[in-house]
Amino acid sequence: MTALPDRRGFFGEFGGRFVPETLMAALNEFESAYRRLRRDREFRRELDDVLSDFVGRPTPLTEARKFAEVCGVGRLFLKREDLNHTGAHKINNAVGQALIAKRMGKTRIIAETGAGQHGVATATACALLGLQCVVYMGEVDMARQELNVFRMRLLGAEVVPVSSGSRTLKDAINEAIRDWVTNVRTTHYIIGSVLGPHPYPMVVRDFQSVIGREALLQLRKKVNRLPDAGVACVGGGSNAIGLFHEMVKHPSIRLIGVEAGGRGPGPGDHAARFSGGALGVLHGTRSMVLQDEFGQIAETHSISAGLDYPSIGPEHAYLQSIGRIEYHDCNDGLALEAFHRLSEMEGIIPALESSHALGWLMRNPMPNAVVVVNLSGRGDKDVPQVAAHESR
Ligand SMILES: *Cc1c(COP(=O)(O)O)cnc(C)c1O
């Protein structure tokens, strides 16, 4: 099961490479560089050094005793990706891909970003490694996420406003692909989640799987056994796959992905791809996509920008189809409740994304179980939004 994707980049019927002909050579180049470098001792040492000395790994595994009691969970451990440099798991992948780009002789990096988190992580990796960085961002998102735009510029990145379409993430992705087609010789495109054409879902998964490897080792030291369950929020799916990848092969571990239930189950009110989506192709990969009866991409809503995407990584679609991972959703209100409870009871302000995993747990007791939740990021970025929401 962990040998997937197959040679053509498929996880069962999901995944693949649905891109213009002009990008095939670049994807092949990236894939062969990655396959070579992941076995290269010097490359792995360089990556390990950056992860420990710059990113701050390993991240702690913190037991949340009071919150566990509120949830009715035996013992609850939080994998503290919030303590990474830049405040979330995204940096694990950004530094990995930037290191590969450098080894491929690329001098320029492009990325797109919705909420700005992936843009900040990429700009940070580029500053560290001396790479030119261009980030595409919809004008609407730029207005909503001013502070992250300023952060990226502080880090030396150029932020390019995208004014086409709905002026949000999907339009920024189209612009980034257009740039890549034009500048593919000098440029690497860093995708921020387990999405996009092969080999991205595999590469991003592998860079994020450090999360689950560390968590299992840390848990063995603390309780000397495997967990009974792993829980993570799912936007594109990179923090969830990062936690689950090492756990999938242990059938005794129940794996739960939590999607954004938003305001409710109506069209446009959520980003729950498994309850509302259908098979489709978006941004180069075949997966579950929220769409209308004509295949037009549907609007989505979530209180957390990082979960607000109409598709989901193809490996998730596959693992759901074979019944290995369960997917549930958590609505805006419950995520907010969890955001408050964890802050008050444990002294940890979680990202609104991670709060969805915690919110689901609050309604689904697992007495006597040892549970690991991936705390994908810190909530500092969300404080102004929560404050505004609550003063309404
Ligand atoms: C971007 C983000 C997510 C969602 O992305 P995944 O690829 O699904 O992990 C979740 N949590 C935080 C803190 C994020 O920044």
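Treat the numbers as computed from the prediction; the structure is a model and nothing was measured. Throughout, a residue's number is its position along its own chain's written sequence, starting from 1. Side-chain atom pairs in this predicted model are given and counted only at pLDDT of 80 or more, local residue features only at pLDDT of at least 70, and totals for whole chains, interfaces and linings cover all residues. As a convention, hydrogens and water are excluded, and side-chain values are obtained from all of the structure's heavy atoms.

1. Quick notes on a positive patch on the surface
1) Next: Patch membership requires more than 30% relative accessible area and the absence of a salt bridge. Residues of like charge join within 9 Å; the nonpolar side chains Val, Leu, Ile, Met, Phe, Trp and Tyr join within 5 Å. Accessible areas in this description were obtained via Shrake-Rupley with a 1.4 Å probe; residue shielding takes into account the shown protein chains only. The salt bridge criterion pairs a side-chain nitrogen of Lys or Arg with a carboxyl oxygen of Asp or Glu, the two atoms within 4 Å. The charge count treats Lys and Arg as positive and Asp and Glu as negative. His and the chain ends do not count. The atoms used to mark charge sites are NZ of Lys, CZ of Arg, CG of Asp and CD of Glu. Together, Arg41, Arg44, Arg45 and Arg213 make up a region of like positive charge exposed at the surface.
2) Next: Strands are runs of DSSP state E lasting at least two residues, helices are runs of H or I lasting at least four, and both sets are numbered from the N terminus onward. By secondary structure assignment, the location of Arg44 is in helix H2 (residues 41-55).

2. Let's talk about the nonpolar core
Among soluble globular proteins, nonpolar side chains are generally buried collectively.
1) Next: By convention a nonpolar core is built from buried Ala, Val, Leu, Ile, Met, Phe, Trp, Tyr and Cys residues, the set being connected through side-chain atoms within 4.5 Å. The classification of residues rests on relative accessible area computed with a 1.4 Å probe and restricted to protein chains. Under 20% of the type maximum is buried, over 50% is exposed, and intermediate values are partly exposed. Core analysis: the biggest nonpolar cluster contains 55 residues, and Val95, Ile100, Tyr136, Met152, Trp180, Tyr189 and Tyr200 have the highest contact counts within it.
2) Next: Sorting elements by how many residues they give to this core places helix H4 (residues 90-103) first, with 7 residues.
3) Next: Trp180 has contacts with Leu23, Ala26, Leu27, Ile110, Thr187, His188, Tyr189 and Tyr200, leaving out every residue within four places of it along the chain.
4) Next: Counting 32 residues, the second-largest nonpolar core is a separate cluster that includes Val210, Ile211, Ala232 and Ile312. For this analysis, residues touch if any pair of their heavy atoms sits within 4.5 Å.

3. Here's the deal with the site of the ligand
1) Next: In the vicinity of the ligand there are 17 residues, among which Lys90, Ser193, Gly235, Ser238 and Ser376 approach most closely.
2) Next: Pairs of N or O atoms within 3.5 Å make up the polar contacts considered here, provided that, within protein, one atom can donate a hydrogen while the other can accept it, and that residues adjacent in sequence are counted only when both atoms are side-chain atoms. In this structure, His89 approaches the ligand through a side-chain N or O atom, which is 2.9 Å from an oxygen atom.
3) Next: Here an oxygen atom of the ligand sits 2.7 Å away from a polar atom, N or O, in the main chain of Gly237.
4) Next: By residue class, the composition of the shell around the ligand is 4 nonpolar, 11 polar and 2 charged. What makes a residue near a molecule or strand is one non-hydrogen atom of that residue sitting within 4 Å of it. In the scheme used here, Gly and all other residues not listed as nonpolar or charged are polar, with Ala, Val, Leu, Ile, Met, Phe, Trp, Tyr, Cys and Pro taken as nonpolar and Asp, Glu, Lys and Arg as charged.

4. Some thoughts on the packing of aromatic side chains
1) Next: Planes of paired rings set the category: under 30 degrees apart is stacked, over 60 is edge-to-face and the rest tilted, where pairs are Phe, Tyr or Trp rings (Trp by its six-membered ring) whose centres lie within 6.5 Å. Per the counting criterion, the structure on display carries 7 aromatic pairs.
2) Next: An angle of 45° between the planes, with centres 5.0 Å apart, marks the rings of Phe30 and Tyr200 as tilted. Remark: Tyr200 occurs in helix H9 (residues 200-208) and Phe30 occurs in helix H1 (residues 24-37); sequence separation between them is 170 residues.
3) Next: Taking 6.4 Å as the distance between ring centres and 65° as the angle between the ring planes, the aromatic pair formed by Trp180 and Tyr200 counts as edge-to-face. Of this pair, Trp180 sits in helix H8 (residues 169-183) while Tyr200 sits in helix H9; the two residues are 20 residues apart in sequence, bridging distant segments of the chain.

5. Quick look at the side chain of Ser238
1) Next: Along the polypeptide, Ser238 turns up in helix H11 (residues 238-244).
2) Next: If we ignore the near neighbours within four places in the chain, the residues touching Ser238 are His89, Gly192, Ser193, Val194, Val204 and Gln208.

6. Observations concerning the sheet that holds strand S3 (residues 61-63)
Strand pairing in a sheet relies on backbone hydrogen bonds. The paired strands run either parallel or antiparallel.
1) Next: Only when DSSP finds a minimum of two bridges between them are two strands counted as paired. Reading across the sheet, the 6 strands line up as S3-S4-S14-S9-S10-S13 and stay open at both edges, with mixed pairing between neighbours. Two strands close off the open sheet at either side, each with one partner strand: S3 and strand S13 (325-331). Across the sheet, the axes of successive neighbouring strands diverge by a mean angle of 25°, strand direction being ignored.
2) Next: Bridge count between strand S9 (residues 229-233) and strand S10 (residues 254-262): 5 bridges; the pairing is parallel. If you follow Ala229 over to S10, its bridge partner there is Arg254.
3) Next: Relative to the sheet, helix H10 (residues 210-223) contacts S3, strand S4 (73-80) and strand S14 (366-375), its axis offset from that of S4 by approximately 135°. Working convention: axes come from line fits to C-alpha atoms, limited for helices to the stretch in contact. Angles between N-to-C directions cover 0 to 180 degrees.

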